[in-house]
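Structural description and commentary
Residues per chain are reported as follows:
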Amino acid sequence: VGAALAVTVLGTHGEERRRVLAVFLTAFFVVFFWAAYEQAGSSMNLFADKNTDLVVLGFEIPSTWFQSVNAVFIVLFGPVFAFAWAALARRGREPSTPLKLVAGLALLGVGFLFLVAGGARADGGVKVSPLWLVMAYAFHTFGELCLSPVGLSYVTKLAPARFASLLMGAWYLANAAANKLAGALAAYTPTPGQAPAAPEAGLGGFVQRVSQTNAGFYSIFVVMSLAAAAVMFLFVPLLRRLT
């Protein structure tokens, strides 16, 4: 990513350079989104398996089925979001791309609030309703619909033609970094009946202490997502000027 930043910034000037800087600034905030969102395949799946009451109407739902909830919501709500953006555009009230990204981060944080609430109940030793996970996935999907397709379009619109492929690659490298961070954080997922590990030093130790409970662990992603949304909101005027 650093090499791509150097090449594109040094290889552009004026308006093109400002657009390139806007792409990299946006990619920085997107890292926080995907680092939290990608808990779906790790810590959230463990929560479904270990802490969720999977018996509904006498039928035991396989915990792996929760991985399809996001796909179902994408199919159901993708057209709704596309229609909403088009309708707002016709009225001249469509939010700018940076504001959509802010909304995506905020919705992601709201989704994790359901896991904090459900996690607090699970910490009491009970299996919780699957609705906590379903609601979390719903808001995560809403956030994804605000951020993912919009972000890809943003890069293709802003990137100078000669650097379009390079900047798209840098965008996906930011996603890769986010997945690495997601995996590192998922390693702290609390497991029922497992004794806490010896405390680490520094930031890892802080995360480890917070993650002793499900509610504490998922609160990390609430704070991370909402803080990133708030900071990016402050950068919206700058992004507008750059683009």
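Note that the coordinates shown come from a computational prediction; the quantities given were computed from them, not determined experimentally. Counting restarts for each chain, with residues numbered from 1 along the sequence as it is written. Residue-level local features of this predicted model are given only where pLDDT is at least 70; pairs of side-chain atoms are given and counted only at 80 or more, and the full residue set underlies all totals for whole chains, interfaces and linings. Derived side-chain values reflect all non-hydrogen atoms in the structure, with water molecules and hydrogen atoms excluded from consideration.

Considering the packing of helix 5 (residues 97–122) against helix 6 (residues 131–158)
To be explicit about the condition: Comment: axis = line fitted to C-alpha atoms, over the contacting stretch for helices; angle = value between 0 and 180 degrees taken between N-to-C directions. A helix here means a DSSP run of H or I that spans at least four residues, while a strand means a run of E at least two residues long, and both kinds are numbered starting from the N terminus. We call two directions roughly parallel when the angle between them is under 35 degrees, roughly antiparallel when it is over 145, roughly perpendicular when it lies between 65 and 115, and oblique otherwise. Crossings are assigned a handedness: left-handed for a near helix turned anticlockwise from the far helix by less than a right angle, right-handed for a clockwise turn. When residue character is reported, Ala, Val, Leu, Ile, Met, Phe, Trp, Tyr, Cys and Pro are called nonpolar, Asp, Glu, Lys and Arg charged, and the others, Gly included, polar.
Between helix 5 and helix 6, whose axes approach to 8 Å, the crossing angle comes to 160 degrees. Taken as axis vectors, helix 5 and helix 6 run roughly antiparallel relative to one another. Classified by chirality, the crossing of helix 6 by helix 5 is left-handed. Across the contact of helix 5 with helix 6, the residue classes tally to 20 nonpolar, seven polar and two charged.

So, the nonpolar core
What counts, and what does not: To define a nonpolar core, start from buried Ala, Val, Leu, Ile, Met, Phe, Trp, Tyr and Cys residues and group those joined through side-chain atoms within 4.5 Å. Note on classification: 1.4 Å probe, protein chains only; a residue is buried when its accessible area is under 20% of the maximum for its type, exposed when over 50%, partly exposed between these limits. Between two residues, a contact is recorded if the distance between any of their heavy atoms is within 4.5 Å.
The biggest cluster of nonpolar side chains holds 68 residues, and the ones touching the most others in it are Met 44, Phe 112, Leu 115, Leu 133, Tyr 218 and Phe 221. At the level of elements, helix 1 (2–10), helix 2 (14–37), helix 3 (43–51), helix 4 (69–90), helix 5, helix 6, helix 7 (164–186) and helix 9 (214–242) are the ones that each hand at least two residues to this core. Per-element tally for this core: the top contributor is helix 2, with 14 residues. Sequence-distant contacts of Leu 133, defined by excluding residues within four places in its chain, comprise Met 44, Phe 47, Ala 48, Thr 52, Phe 66 and Leu 115.

So, the pattern of salt bridges
Any two side chains of opposite charge can pair if their charged atoms end up close together. What counts is decided by this rule: Definition used for salt bridges: Asp or Glu carboxyl oxygen within 4 Å of a side-chain nitrogen of Lys or Arg.
With the rule as written, the count across this model stands at four salt bridges. The closest approach of N and O atoms between Arg 162 and Glu 16, which form a salt bridge, is 2.9 Å. Highlighted residues: Arg 162 in the loop between helix 6 and helix 7 and Glu 16 in helix 2, separated in sequence by 146 residues. Its relative accessible area of 51% is what places Arg 162 among the exposed residues. Note on Glu 16: relative accessible area 23%, which makes it partly exposed.

What about the packing of aromatic side chains?
Rule in force here: Between rings of Phe, Tyr and Trp, where Trp is taken as its six-membered ring, a pair exists when centres lie within 6.5 Å; planes separated by under 30 degrees are stacked, by over 60 edge-to-face, and by other angles tilted. Only lysine NZ and arginine CZ atoms are considered, and such an atom sits over a ring when it is within 6 Å of the ring centre and within 35 degrees of the ring normal.
Throughout the structure, instances matching the rule amount to 18 aromatic pairs. Ring geometry for Phe 29 against Phe 235: centres 5.7 Å apart, planes inclined by 55 degrees, an arrangement best described as tilted. Of the two residues, Phe 29 sits in helix 2 while Phe 235 sits in helix 9, which places them 206 residues apart along the sequence. For Phe 29, a relative accessible area of 4% gives the class buried. Pairwise contacts between aromatic rings join Phe 73, Phe 77, Phe 81, Trp 85, Phe 114, Phe 139 and Phe 142 into one cluster. Sitting over the ring of Trp 85, Lys 100 keeps its end group 4.4 Å from the ring centre.

Note that all results are geometric; they support no functional claim without further evidence.
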